[in-house]
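Coordinate inspection notes
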Amino acid sequence: MKKFLKVAVCLSAAGFLFAGSPAEKNYLPQVSAAYQGEMVAAPNIAVVQTRAGKLQGYIHKGIYNYKGVQYAQAERFMPPRPVDSWSGIKTAMTYGKVAPQLTDEKNDIFPPHWYLPHWEPRNYPQSEDCQNLNIWTPNINDGKKRPVMVWLHGGGFFMGSAQVEDVYDGENLARKGDVVVVSINHRLNSLGFLDLSAYGEKYKSSANNGVLDIVAALEWIHDNISNFGGDKNNVTLFRQSGGGSKILALTAMPAAKGLFHKAINQSDAVELIGMSLQTQDTSRRVAELTLQNLNLTAAEVYKLETIPYEQLSAAANAAYLQAAKEFGAEKVYQGDNGWSPIIDGVNVVQNPVVDGFSENVNNVPLLIGTAFSEWTTIDQWATMATSQTDNKNNWSDSQVEQKLREKYGANAEAVKAAFKEAYPDKTLANALYPDVWMRTRALKTARIKSDQAAPVYNYVFTWETPVMGGFAMAYHCAEIPFVFNNIELSAEATGATKEAYKLADTISQAWINFARTGNPNAKGLPKWTPFTRESGATMILDNKSVLRYHHDEKLMKIFEPDYE
């Protein structure tokens, strides 16, 4: 036993030995009685057979962790293919490499402040060999069929990763819901979506390799997740921001048919980012301009396969901007999101909303919603030092009235009346900040999806963070800690208050219930009825959640009277 303890100390220093409570022993059927109360990575612990070979993870507080699991491989601009088989046991104990991306001030398309400072992004080594995923599961090889929840990271189609935020950790969600949580890394930006199809059959899939990677990951899950305690026939995609766009793009991909069975779209259902996708007249122009920027001829397109990523990315991003000037920005990229999948008629066959949802997802339930203020407080993040004391929570009534008149002019009185009808429990100062862009687009998506057989559930997350004087309100990304039940990992964003823990318990359970049954009703919520064009049913998620019907229709019509 003394010898074991010495080894255990070394393993602990490496992060592979974890202390567990007596209650957690029930999760450890493979740990011998000699090691009760301890969890250790060892050759006979947390080993799972996959189709390609054996994987070894580790157990932390009763949850099996597998990180950096390779699900596919590919050369630059080539479609993903299955991983090569191996003998022996591969370890899967640390996060894998993430897709290459430019996120600093040298990148003149995408702003360096994309990640709001509510929690510090974690940086990991970047590599084109980035097709890996992470798994958290309560048990393995036990024959149980747990719901599988697959997280698609944000950052649009150009940046981000499965592990960039602490709150993406799936351990608490897996434990709470007895579900299997998976997160995916895949190719981004020019490596995932540069359309070289005009230059030969070899590059026919280059415009959509980023989403083909996701399909490959879903195929891996279908083939292997049963040994991780998951049900391949009950897979829910869930994601916030750009990951929601990925879900919508997947609905238009024949190859994804049957690989997922439910979808949760959080804060991203807007035209040109998943709802309506780029067409090949513009995408091929981006490729042509990329070659020009690198002084390459069409016959030299093969040189793009080996050019350093930094050069390729700079040339391709500049080409994107030029194409936007030529075609109009709305036809090439939307705002700061840039790159997107391409309607090529083979891999992606239609605009999910503009052309209607594919019959492939007719029976796929959808949970969709947005945060109350999304990006409307973005400017205050840049002035946190003053925003903490100069914000809507400490303005006088006369200051609020003045700001409403300044912002809405002749519409000020109409906005005030419509806002109080939509949100009777909120102060009038909040009328300065409702999100319009994402809310109206989410409603559009919900309406069109509700025409299909499967139910649609709609929500608005209105909980306001109390930290830093409360200036940020219910900002873009604010609901993520609640969905993952990771309040403790986001104390700097949530305040880790009792109210935050209670709401996280409710919201995470609603997401779990939806993944399990397609119905998000949960303790702590009023009865949540499906959204239809006629009902407009929307759950207001807050300390006191309420279900309302067409609650903000008048307000949205004032802000965007011509939007259909």
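Everything quoted here is computed from the prediction, not taken from an experiment.

1. Points about the overall build of the protein chain
Of the regular secondary structure elements, the protein chain holds 17 helices and 18 strands. When the accessible surface of the protein chain is split by element, carbon and sulfur atoms take 51% of a total near 22000 Å².

2. Things to note about the packing of helix α6 (residues 280-293) against helix α7 (residues 309-327)
Relative orientation and spacing of two packed helices are given, respectively, by the angle between their axes and the distance between those axes. Where α6 meets α7, the axes come as close as 8 Å, and the angle between the chain directions of the two elements is 130 degrees. In terms of orientation, α6 and α7 fall into the oblique class. Between α6 and α7 lies a crossing of right-handed hand. Facing Asp281, Thr282, Arg285, Val286, Leu289, Thr290 and Asn293 of α6, the residues of α7 in contact are Leu312, Ala315, Ala316, Ala318, Ala319, Tyr320, Gln322, Ala323, Glu326 and Phe327.

3. Quick notes on the packing of aromatic side chains
By the definition in use, this model includes 22 aromatic pairs. Between Tyr95 and Tyr124 the ring centres are 5.5 Å apart and the planes differ by 75 degrees, which places this aromatic pair in the edge-to-face class. Placement of Tyr95 in the loop between β7 (89-91) and β8 (132-137) and of Tyr124 in the loop between β7 and β8 is noted, with a sequence separation of 29 residues between them. We classify Tyr95 as buried; its relative accessible area is 16%. What links up through ring pairs into an aromatic cluster is the set Trp151, Tyr168, Phe238 and Phe484. Above the ring of Trp86, the side-chain terminus of Lys90 is found at 4.4 Å from the ring centroid. Across the ring face of Trp395, the terminal group of Lys403 is positioned such that the distance to the ring centre comes to 4.4 Å.

4. Brief notes about the sheet that holds strand β4 (residues 54-56)
The strand order β3-β4-β7 describes an open sheet built from three strands, whose pairing is mixed. Each edge of the open sheet carries a strand with a single partner, namely β3 (47-49) and β7. The mean inter-strand angle of the sheet, taken between neighbouring strand axes irrespective of direction, is 30 degrees. As paired elements, β4 and β7 share three bridges and run parallel to each other. Each bridged residue has a counterpart across the sheet, and for Leu55 the counterpart in β7 is Lys90.

5. Here's the deal with the side chain of Asn234
Along the chain, Asn234 falls in strand β11 (residues 230-240). Among the polar contacts made by the side chain of Asn234, one reaches the side chain of Lys262 at a distance of 2.5 Å. Not counting residues within four places of it along the chain, the set of residues in contact with Asn234 comprises Pro147, Val148, His261, Lys262, Ala515 and Arg516.

6. Description of the side chain of Thr440
Inspection of the secondary structure puts Thr440 in helix α13 (residues 437-449). For Thr440, a relative accessible area of 7% corresponds to the buried category. In terms of polar contacts, Thr440 uses its side chain to reach the side chain of Arg441, at 2.8 Å. Residues within four places of Thr440 in sequence aside, it is in contact with Met556, Glu560 and Tyr563.

7. Notes on the pattern of salt bridges
Between side chains of opposite charge, a pair can form as their charged atoms come close. Under the defined criterion, the tally for this structure stands at 23 salt bridges. A salt bridge links Lys176 to Asp505; its shortest N-O distance comes to 2.5 Å. A residue pair is termed long-range when its members are at least 10 positions apart, and Lys176 in helix α2 (residues 171-177) and Asp505 in helix α16 (residues 498-517) qualify at 329 residues. The network of salt bridges with shared partners includes Asp142, Lys144, Arg146 and Asp178.

8. With respect to α16
For an α-helix, 3.6 residues make a turn, and residues three or four places apart therefore share a direction. Taking 1.5 Å per residue as the helical rise, α16 with its 20 residues ought to reach 28 Å, and the 29 Å between its terminal C-alpha atoms agrees with that figure. Among all positions in α16, only Ala500, Leu503, Ala504, Thr506, Ile507, Ser508, Ala510, Trp511, Ile512, Asn513, Phe514 and Ala515 are buried.

9. Focus on the environment of Thr517
In this fold, Thr517 is placed in helix α16. Spatially, the C-alpha atom of Thr517 lies 9.0 Å from that of Pro147, the residues being 370 residues apart in sequence. Separated by 3.2 Å, the side chain of Thr517 and the backbone nitrogen of Asn519 make a polar contact.

10. Considerations on the sheet that holds strand β12 (residues 262-266)
Strand order in the open sheet formed by eleven strands is β5-β6-β8-β10-β9-β11-β12-β15-β16-β17-β18, and the pairing between neighbours is mixed. Strands at the two margins of the open sheet, each flanked by one partner only, are β5 (58-60) and β18 (546-549). Along the sheet, successive strands turn relative to each other by an average axial angle of 25 degrees, direction set aside. Relative to β8, strand β6 (residues 63-70) is paired through five bridges, and the arrangement is antiparallel. The partner of Tyr66 across the bridge, within β8, is Ile135.

11. With respect to α7
The terminal C-alpha atoms of α7 lie 26 Å apart, and with 19 residues this matches the ideal 27 Å at 1.5 Å per residue to within 8%. Along α7, the positions that sit buried rather than exposed are Tyr309, Leu312, Ser313, Ala315, Ala316, Asn317, Ala319, Tyr320, Ala323 and Ala324. Within two residues after α7, Gly328 carries a phi angle of roughly 100 degrees, on the positive side.

12. A word on the nonpolar core
Grouped burial of nonpolar side chains is what soluble globular proteins tend to show. Ranked by size, the top nonpolar core spans 86 residues in total, and within it Tyr66, Leu133, Val150, Ile221, Leu250 and Leu304 carry the most contacts. It is helix α4 (residues 209-224) that contributes the most residues to this core, nine residues altogether. Residues within four places of Val150 in sequence aside, it is in contact with Val182, Ile184, Leu218, Ile221, Val235, Thr236, Leu237 and Phe238. Listed in part, the 70 residues of the second largest apolar core include Ala174, Phe372, Val460 and Met539.

13. Things to note about unusual backbone geometry
Even without being a glycine, Met473 presents a positive backbone phi close to 60 degrees. Mapped onto the elements of the fold, Met473 is located in the loop between β16 (456-461) and α14 (480-483).

14. Concerning the environment of Ala318
Within the element layout of this structure, Ala318 appears in helix α7. The spatial distance from the C-alpha of Ala318 to the C-alpha of Asn293 is 8.0 Å, given a sequence separation of 25 residues.

15. Overview of the pairing of strand β15 (residues 366-371)
Burial runs high along β15: six of the six residues are buried. Relative to β15, β12 runs parallel, the two being bridged by four bridges. Its bridge partner being in β15, Ile264 is matched across the sheet by Leu367. Pairing analysis gives six bridges linking β15 to β16, with the strands arranged parallel. If you follow Leu366 over to β16, its bridge partner there is Val456.

16. Section: empty space enclosed by the protein
Tallied over the full model, the rule gives four cavities of 30 Å³ or more. One number sums up the size of the second largest cavity: a volume of about 70 Å³. Every residue lining the second largest cavity is listed: Ile247, Leu248, Thr251, Phe260, Ala263, Phe357, Val361, Val364, Pro365, Leu366 and Lys449.

Conventions adopted
Residues numbered from 1 in each chain as written. Predicted model: local features only at pLDDT ≥ 70, side-chain atom pairs only at ≥ 80, totals over all residues. Heavy atoms only, no water. Helix = DSSP H or I, 4+ residues; strand = E, 2+ residues; numbered from the N terminus. Areas by Shrake-Rupley, 256 points an atom, 1.4 Å probe, with all protein chains shown as cover. Axes fitted to C-alpha atoms, helices over the stretch in contact; angles between N-to-C directions. Parallel < 35°, antiparallel > 145°, perpendicular 65-115°, else oblique. Left-handed = near helix turned anticlockwise from the far one by under 90°. Contact = heavy atoms within 4.5 Å. Phe/Tyr/Trp six-rings, centres within 6.5 Å; stacked < 30°, edge-to-face > 60°. Buried < 20%, exposed > 50% of the residue type's maximum accessible area, 1.4 Å probe, protein only. Lys NZ or Arg CZ within 6 Å of the ring centre and 35° of its normal. Pairing = 2+ DSSP bridges. Polar contact = N/O pair within 3.5 Å; in protein donor to acceptor, adjacent residues only side chain to side chain. Salt bridge = Lys/Arg side-chain N within 4 Å of Asp/Glu carboxyl O. Expected span 1.5 Å × (residues − 1). Core = buried A, V, L, I, M, F, W, Y, C linked by side-chain atoms within 4.5 Å. 1 Å grid on protein atoms, 1.4 Å probe; cavity = no way out; pocket = protein on both sides within 12 Å on 5 of 7 lines; lining within 4 Å. Points joined across faces, edges and corners; volume = space filled by probe spheres on them.

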